[in-house]
Amino acid sequence: MELTQVQKKQIEELQIRSSKKIISGYLAIMAFTIPLVLWPFLPQRYFFSKMVMLYAFSIILLVFLAALKLNIFSKKMFKQPAVISSLFFLVYSTITLFYSINIDLSLFGEYERKETYFITVIYIFLFLIAANHYKFSNWHLILFSVSISLICIYAIFQLYGIELIELTFLAKYKISQSWHYMAFSTMGNPNFLASLLAMTLPLFVFAFIKSGNYFWTIPMSLNYFVLLATRTRGGWIGAFAGFAILIAIMAVRKFSFKNILICCGIHVILTIIYAFLFSGFFERLWSAFDTMATVVASENQEELLNSGSFRIGIWKGVWILIEKKPLTGYGIETLRQAIIKDPEVVSFLRSISPNIVNTDKAHNEFLNICVSSGIPAGIAYITTAISVIVQGFRNIKKNILLLPLTCSVCAYFIQGMFNISNNGIAFLFYILMGVIISLSLKGKDNNFTDEKIGE
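So, here is what we can say about the structure in this document. Predicted model, so just to flag it, every value in this text is computed and none were measured.

**Some points on helix H14 (residues 343-352)**
Now for step 1: Buried residues of H14: Val-345, Val-346, Phe-348, Leu-349 and Ile-352, and no others. Down the axis of H14, the buried side of the element spans an arc of 165°, and every buried residue falls inside it. Facing away from the buried side of H14 by more than 90 degrees, the exposed set consists of Pro-343, Arg-350 and Ser-351.
Now for step 2: The distance from a side-chain oxygen at the start of H14 to the backbone nitrogen of Glu-344 is 3.1 Å, and the residue carrying that oxygen is Asp-342.

Next comes the structure, spelled out in structure tokens:
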């Protein structure tokens, strides 16, 4: 019996939905795996391994797309401002790549970083795939919570001087003694771990308040406690912003007041426990407010440049470089070389602190992109993130899952103004931005019942 045109169309739609579920699940597995990966048998166990995994997952994803007959993006994507600005960012970064002062560094990356031009391409690729094909399933969130919980447990062992991987026969190289009793887990640096935890906290907070399921207090509590343990002020600021926005909107939208109070109570108790177990917490917390006050009110130039662990001074030195090459930048991953080759910047940074002359990142994602690929690329990055955030908040009524996702993107974006991008974390930021666009679009493929979120 020959199928009618309507039946053929229905079968085709079912196949597309099934294919998109496969791609969505693959992205979830990718988000679970890459942050956990480290190679203990190499001297650089953190960033190189994540770079390789990003390449491997992306190549396999291309194979899946071809096998499932799915495009990287569709025509409807060109109606999305964030997609247009992200494509401009990619094209412009590609053009300015040819103006790099060290093309090898731009293509293959610094030994300690590995956030290369090709990794930037992967970021945009994952963003477009998520924007065009992502469909939510509850197991994605559960799987991700497991990954974050494992990362946090690893960090807690580190707080007590136990490096788990070095207890195995795999660890050929030991970490430096100066890194003992610090929480950085599989991320390689407390600042990077804070970036990840600031971004993911709103997801678990939302899941608990929405569902009332106490299972979610486990990843939420681990996430928050280890975030405190990173002692990273930029991460704290980003996390607080994301958390505060989420709680405020959930309260206004009349989510369970009881669950909101329980959630806030858990965070207060964890803060007290951490402050009791580890000295210096309140001093570190106060220093964040003191730094903000210095930036806003101080008339002492030396005090201002030294504030924020010399970040203001670094930003000013980077801006001197940007003013000299505003359109092309110096090339991805070349900041250290750009500084060393510029006597004016070297002299300026040395006058603040000799140590910051070797700075290889701007400690501000916008400035870092501007000095790498030019101001237009930096503006495109800002435009992409803000467009996604606005779109997410505007469409909360359509899909309540957009609320925690958008708060997560806000948290990462804010902390990124004080921190360094990292290949094991930034890819998640781009995927989440793509997910926000996907869930914001109208159409029956994006309808789902939010009652099951977190349950």
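**Structural notes on the pattern of salt bridges**
Opposite charge on two side chains permits pairing when their charged atoms draw close.
Now for step 1: On inspection of all chains with the given rule, the structure shows 7 salt bridges.
Now for step 2: For the salt bridge of Arg-45 with Glu-163, the shortest nitrogen-to-oxygen distance reads 4.0 Å. Of this pair, Arg-45 sits in the loop between helix H1 (5-33) and helix H2 (47-68) while Glu-163 is found in the loop between helix H6 (138-159) and helix H7 (190-211), placing the two residues 118 residues apart along the sequence. This pair shows no difference in class: Arg-45 is buried, exactly as Glu-163 is.
Now for step 3: Among the salt bridges present, the one from Glu-166 reaches Arg-45, with a minimum N-O distance of 3.7 Å. Taken together, the residues span a long stretch of sequence, with Glu-166 in the loop between H6 and H7 and Arg-45 in the loop between H1 and H2 at a distance of 121 residues. The pair Glu-166 / Arg-45 is uniform in exposure class, with both members buried.

**So, the side chain of Thr-406**
Now for step 1: Topologically, Thr-406 is positioned in helix H17 (residues 402-415).
Now for step 2: Overall, Thr-406 belongs to the buried group, its relative accessible area being 0%.
Now for step 3: In this view, Thr-406 contacts Ile-389, Gly-392, Phe-393 and Ile-436; residues no more than four positions away in its chain are not counted.

**Details of empty space enclosed by the protein**
One water molecule sets the probe size; rolling that probe over the atoms shows where empty space is left.
Now for step 1: Evaluated as defined, the whole model comprises 6 cavities of 30 Å³ or more.
Now for step 2: Counted as a void, the largest cavity has a volume near 280 Å³.
Now for step 3: In terms of lining, the largest cavity is formed by 17 residues, of which the most central are Tyr-134, His-140, Phe-144, Leu-405 and Leu-432.
Now for step 4: Listed by contribution, the elements that provide at least two residues to the lining of the largest cavity are H1, H6, H7 and helix H18 (426-440).
Now for step 5: Of the residues assigned to the lining of the largest cavity, the class counts are 15 nonpolar, 2 polar and no charged.

Conventions we followed
Residues numbered from 1 in each chain as written. Predicted model: local features only at pLDDT ≥ 70, side-chain atom pairs only at ≥ 80, totals over all residues. Heavy atoms only, no water. Buried < 20%, exposed > 50% of the residue type's maximum accessible area, 1.4 Å probe, protein only. Helix = DSSP H or I, 4+ residues; strand = E, 2+ residues; numbered from the N terminus. Arc of directions from axis to C-beta. Polar contact = N/O pair within 3.5 Å; in protein donor to acceptor, adjacent residues only side chain to side chain. Salt bridge = Lys/Arg side-chain N within 4 Å of Asp/Glu carboxyl O. Contact = heavy atoms within 4.5 Å. 1 Å grid on protein atoms, 1.4 Å probe; cavity = no way out; pocket = protein on both sides within 12 Å on 5 of 7 lines; lining within 4 Å. Points joined across faces, edges and corners; volume = space filled by probe spheres on them. Nonpolar A, V, L, I, M, F, W, Y, C, P; charged D, E, K, R; others polar.

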